[in-house]
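Commentary on secondary and tertiary structure
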Amino acid sequence: IYYLQSNPRYPNPLNPDEMEFLIEEYRSVKGDRAVELLVGFRINLLEAEKYYRLSKKSYRADLHRYGVNCKNEEYLNESIRDTRTSIAKINEMLENLTVLKNDYPEEFSILGISDEWVGKMQAETEDFEAEIRYKLDLWNQFCSQKATQPTE
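What you are looking at is a predicted structure, and each value in this text was computed from that prediction instead of being measured.

1. Structural notes on the confidence of the model for the chain
Low pLDDT marks regions whose predicted coordinates should not be analysed in detail. For the chain, the mean per-residue pLDDT works out to 84, and 84% of the residues sit at or above 70. Looking across the chain, the model is least confident in helix H1 (residues 2-6), with a mean pLDDT of 51, and most confident in helix H5 (residues 73-103), with 95.

This is the structure:
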């Protein structure tokens, strides 16, 4: 737990190339169940951010800003897949936090996370789902072939 306290991730911003290194570093941390939950929280938070950034890597998948080009289905599907992975990681992160808060309140308090922050993260998943629905609806409105809906 001392390691996690002395190497905080949130709210410090990271460059994308630092994320994978930090994820591997966190995976090397071993400890009791509370430490596993803390590490799981940090890893899932980083991976959620990583996959959300990946979902935005190509302008070709941003239908709102750049319009619909039916030739860009591959980019759309990749963006949706990455957004869904980000949602899954947020949900795993929230699950870790819930167990940590209920079973290890002292260790949870180390994180300094408010209920408001947790609520915002829950709302993020709803926003991401709405973003996916928007993209699919807009795509399907203009392209004769229905976009595939990649799974996680």
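Moving on, there is more to tell.
2. A look at the nonpolar core
Grouped together as the largest cluster of nonpolar side chains are 27 residues, with contacts concentrated most on Phe41, Met93, Leu97, Leu111, Ile113 and Trp117. Elements supplying a minimum of two residues to this core: helix H3 (33-55), H5, helix H6 (105-111) and helix H7 (115-142). Contact partners of Leu111, with chain neighbours within four places excluded, come to Leu38, Phe41, Arg42, Leu97 and Leu100. Counting 9 residues, the second-largest nonpolar core is a separate cluster that includes Met19, Leu22, Ile23 and Val29.

3. Points about the packing of H3 against H7
Packing of H3 against H7 brings their axes to within 13 Å, and their N-to-C directions diverge by 30 degrees. When the interaxial angle is binned, H3 and H7 end up roughly parallel. Seen from above, H3 lies across H7 with left-handed handedness. Contact residues: Phe41, Leu45, Tyr52 and Ser55 in H3; Trp117, Met121, Phe128, Glu131 and Lys135 in H7. Residue classes in the contact of H3 with H7 are distributed as 6 nonpolar, 1 polar and 2 charged.

4. Here we look at the environment of Ile132
Mapped onto the secondary structure, Ile132 falls in helix H7. For the pair formed by Ile132 and Ile80, sequence separation is 52 residues and the distance between their alpha carbons is 6.1 Å. Beyond its immediate stretch of four places on either side in the chain, Ile132 contacts Ile80, Thr83, Arg84 and Ile87.

About the criteria used
Residues numbered from 1 in each chain as written. Predicted model: local features only at pLDDT ≥ 70, side-chain atom pairs only at ≥ 80, totals over all residues. Heavy atoms only, no water. pLDDT = per-residue confidence, 0-100. Helix = DSSP H or I, 4+ residues; strand = E, 2+ residues; numbered from the N terminus. Core = buried A, V, L, I, M, F, W, Y, C linked by side-chain atoms within 4.5 Å. Buried < 20%, exposed > 50% of the residue type's maximum accessible area, 1.4 Å probe, protein only. Contact = heavy atoms within 4.5 Å. Axes fitted to C-alpha atoms, helices over the stretch in contact; angles between N-to-C directions. Parallel < 35°, antiparallel > 145°, perpendicular 65-115°, else oblique. Left-handed = near helix turned anticlockwise from the far one by under 90°. Nonpolar A, V, L, I, M, F, W, Y, C, P; charged D, E, K, R; others polar.

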